[in-house]
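In case you want the letters, here they are:
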Amino acid sequence: VQLQASGGGLVQAGGSLRLSCAVSDRRVRVNDMAWYRQAPGKQRELVATITSGHNTNYADSVKGRFTISRDDAQKTVDLQMNSLKPEDTAVYYCNADYVLVTDGHVEAARIWGQGTQVTVSS
């Protein structure tokens, strides 16, 4: 089971970008999903989370500008980023907690996407 990220790129301050992550195995049940980011020289930080019940939570630094959403049928999680600032520049990572039941075997894990670069120029 893997997470495949897409989106990202270079944008001017005030612009918008949309990131997306897709779970590779449609058989899984996906629980919490989230986006993190890591800027150069800094620790990875939580950006936004969304539960299986679609409850969301955001870092104070992105509230009102970013929106996390998920499509349970497609097993994807998106991050819509508006009013981008240079300080939003980072590598963005998605993650997901999943459970897979096959032939009585239960597999549960947290997986990470490969990271996608977001660069906001001033």
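Throughout what follows, the structure given in this document is the object of discussion. Since the structure is predicted, the reported quantities are computational estimates derived from the model, not experimental observations.

**Regarding the side chain of aspartate 97**
Reasoning step 1: Structurally, aspartate 97 is set in strand β9 (residues 90-102).
Reasoning step 2: Not counting residues up to four positions away in its chain, the partners in contact with aspartate 97 are Arg29, Val30, Asn31, Asp32, Ala109 and Arg110.

**Examining the sheet that holds strand β8 (residues 76-81)**
Reasoning step 1: The sheet built from 4 strands is open, its strands ordered β1-β3-β8-β7 with antiparallel pairing. The sheet terminates laterally at β1 (3-7) and β7 (66-71), the two strands that pair on one side only. Each neighbouring strand pair of the sheet contributes to a mean axis angle of 15°, computed without reference to strand direction.
Reasoning step 2: Bridging between β1 and strand β3 (residues 17-23) involves 5 bridges; their strand directions are antiparallel. Looking at β3, one finds that glutamine 4 is bridged to alanine 22.

**A few points about the pattern of salt bridges**
Reasoning step 1: Using the criterion set out here, one finds 8 salt bridges in the structure.
Reasoning step 2: A salt bridge links aspartate 78 to arginine 18; its shortest N-O distance comes to 3.1 Å. With aspartate 78 in strand β8 and arginine 18 in strand β3, this residue pair connects regions lying 60 residues apart in the sequence.
Reasoning step 3: The closest approach of N and O atoms between aspartate 72 and arginine 70, which form a salt bridge, is 2.8 Å.
Reasoning step 4: One continuous salt-bridge network, built from bridges that share partners, spans Arg37, Glu45, Arg65 and Asp88.

**Focus: the nonpolar core**
Reasoning step 1: With 33 residues, the main nonpolar core has Trp35, Leu79, Met81 and Tyr92 as its most contacted residues.
Reasoning step 2: Sorting the residues of this core by element identifies β1, β3, β4 (29-38), β5 (45-50), β7, β8, β9 and β11 (116-121) as the ones contributing at least two each.
Reasoning step 3: No other element matches β9, which puts 6 residues into this core.
Reasoning step 4: The contact partners of methionine 81, leaving out residues within four places of it in the chain, are Gly15, Ser16, Leu17, Leu19, Arg65, Phe66, Tyr92 and Val118.

**A few points about the state of the cysteines**
Covalently bonding the sulfur atom of one cysteine to the sulfur atom of another cysteine gives a disulfide.
Reasoning step 1: On inspection of all chains with the given rule, the structure shows 1 disulfide.
Reasoning step 2: In this model, cysteine 21 is linked to cysteine 94 through a disulfide, with the two sulfur atoms separated by 1.7 Å. When the S-S torsion is -65°, as for the bridge of cysteine 21 with cysteine 94, the disulfide is left-handed. Separated by 73 residues along the polypeptide, cysteine 21 in strand β3 and cysteine 94 in strand β9 bring together distant segments of the chain.

**What about unusual backbone geometry?**
Reasoning step 1: One non-glycine residue, lysine 75, lies in positive phi territory at about 60°.
Reasoning step 2: Inspection of the secondary structure assignment puts lysine 75 in the loop between β7 and β8.
Reasoning step 3: By relative accessible area, lysine 75 is classed as buried at 13%.
Reasoning step 4: Of note in this structure, aspartate 103 is not a glycine but carries a positive phi near 50°.
Reasoning step 5: Secondary-structure assignment places aspartate 103 in the loop between β9 and β10 (105-112).
Reasoning step 6: Residue aspartate 103 is classed as exposed on the basis of its relative accessible area of 87%.

**Overview of the environment of alanine 109**
Reasoning step 1: For alanine 109, the position within the fold is in strand β10.
Reasoning step 2: Each C-alpha atom, one on alanine 109 and one on cysteine 21, is 16 Å from the other, the two residues being 88 residues apart in sequence.
Reasoning step 3: Ignoring sequence-local partners within four residues, the contact set of alanine 109 consists of Ala96, Asp97 and Tyr98.

Analysis parameters
- Residues numbered from 1 in each chain as written.
- Predicted model: local features only at pLDDT ≥ 70, side-chain atom pairs only at ≥ 80, totals over all residues.
- Heavy atoms only, no water.
- Helix = DSSP H or I, 4+ residues; strand = E, 2+ residues; numbered from the N terminus.
- Contact = heavy atoms within 4.5 Å.
- Pairing = 2+ DSSP bridges.
- Axes fitted to C-alpha atoms, helices over the stretch in contact; angles between N-to-C directions.
- Salt bridge = Lys/Arg side-chain N within 4 Å of Asp/Glu carboxyl O.
- Core = buried A, V, L, I, M, F, W, Y, C linked by side-chain atoms within 4.5 Å.
- Buried < 20%, exposed > 50% of the residue type's maximum accessible area, 1.4 Å probe, protein only.
- Disulfide = S-S within 2.5 Å.

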